[in-house]
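Structural characterization, general
Below are the chains, spelled out letter by letter.
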Amino acid sequence: MSGRLRVSDLPIWSARQWMLAAFFVASGLLGWWQLRPEPEPAAPEVERARLPDYVVAGFTATETDDTGKPSRRLIADELRQYVEEDVSELDRPRMTLYQREGETEAEPWRARADSGLVLPGGEEVRLEGAVELERKGDASRPATRMETELMRIWHKRAFAETDRPVQVTSALDRLNATGMRLWYDEPVRAQFDGRAHIFIAPEQIEEP
């Protein structure tokens, strides 16, 4: 015979008490569930504003070569430096890229744009918006001017490139292409992407 006690074995009044207790417990749990406060929605994450570590107005910097002569100069209306990213934003940057032909200083290349970025390490400078790269002419060569919307310049490699439409003007001659790679140190050479359109002005003949 089993020694376990079942509710049905209890006296009738005890069974009623168990049922009444179970009813009150169930009612109490239902009331607690209905009255418990609703969990508050998680607060949205607030993205921290991207702020520069410091700002320099009227920025000017000159880089020199191993002999102490200037190799590059960078000027901007304003520079904003982000130290953790090692990136600098530039407003209206102007660059002077000094050149040498042997022991002789050659006419430098000059670049300007609406805005720019100095990327990590400082070697690559990205110019954007109405970019112009030009060099004045001299007795041995005509002036050259290049116009595009974006240009990346690596000065130590004396190399510049763009994957945007570019127009090159030299004297009265003109060339249009969909991209360009330029090695601007002497001897200057360039490679143009896509189908290049060239306009060569007729030679001007001076009348006696």
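Here goes a summary of the coordinates provided. (Residues numbered from 1 in each chain as written. Predicted model: local features only at pLDDT ≥ 70, side-chain atom pairs only at ≥ 80, totals over all residues. Heavy atoms only, no water.)

Quick look at the side chain of Thr162
Secondary-structure assignment places Thr162 in strand E9 (residues 159-162). Setting aside its immediate chain neighbours within four residues, Thr162 contacts Thr148, Leu150, Met151, Gly179 and Met180. (Helix = DSSP H or I, 4+ residues; strand = E, 2+ residues; numbered from the N terminus. Contact = heavy atoms within 4.5 Å.)

Observations concerning the nonpolar core
Grouped together as the largest cluster of nonpolar side chains are 27 residues, with contacts concentrated most on Leu133, Ile153 and Tyr184. Every element with two or more residues in this core is listed here: strand E2 (70-82), strand E4 (94-101), strand E5 (104-112), strand E7 (124-135), strand E8 (144-154), strand E10 (166-170), strand E11 (173-177) and strand E12 (179-183). Tallying contributions element by element places E7 first for this core, with four residues. Discounting residues that sit within four places of it in the chain, Ile153 has contacts with Met95, Leu97, Ala111, Glu123, Glu124, Val125, Leu127, Phe159, Ala160 and Tyr184. (Core = buried A, V, L, I, M, F, W, Y, C linked by side-chain atoms within 4.5 Å. Buried < 20%, exposed > 50% of the residue type's maximum accessible area, 1.4 Å probe, protein only.)

Structural notes on the environment of Ala160
Structurally, Ala160 is set in strand E9. Counting along the chain gives 20 residues from Ala160 to Met180, while the straight-line C-alpha distance between them is 8.2 Å. Each residue touching Ala160, except ones within four places of it in the same chain, is listed here: Met151, Arg152, Ile153, Met180, Arg181, Leu182 and Tyr184.

Observations regarding the pattern of salt bridges
One pass over the full model with this rule turns up 18 salt bridges. Across the salt bridge formed by Arg80 and Asp91, the nearest N and O atoms sit 2.9 Å from each other. Taken together, the residues Arg80 in strand E2 and Asp91 in strand E3 (residues 87-91) connect sequence positions 11 residues apart. Looking at Arg80, the relative accessible area reads 18%, which means it is buried. A relative accessible area of 28% places Asp91 in the partly exposed class. Between Arg145 and Glu132 there is a salt bridge whose closest N-O contact spans 2.9 Å. Here Arg145, found in strand E8, pairs with Glu132, found in strand E7; they are 13 residues apart in sequence, far enough to count as distant. (Salt bridge = Lys/Arg side-chain N within 4 Å of Asp/Glu carboxyl O.)

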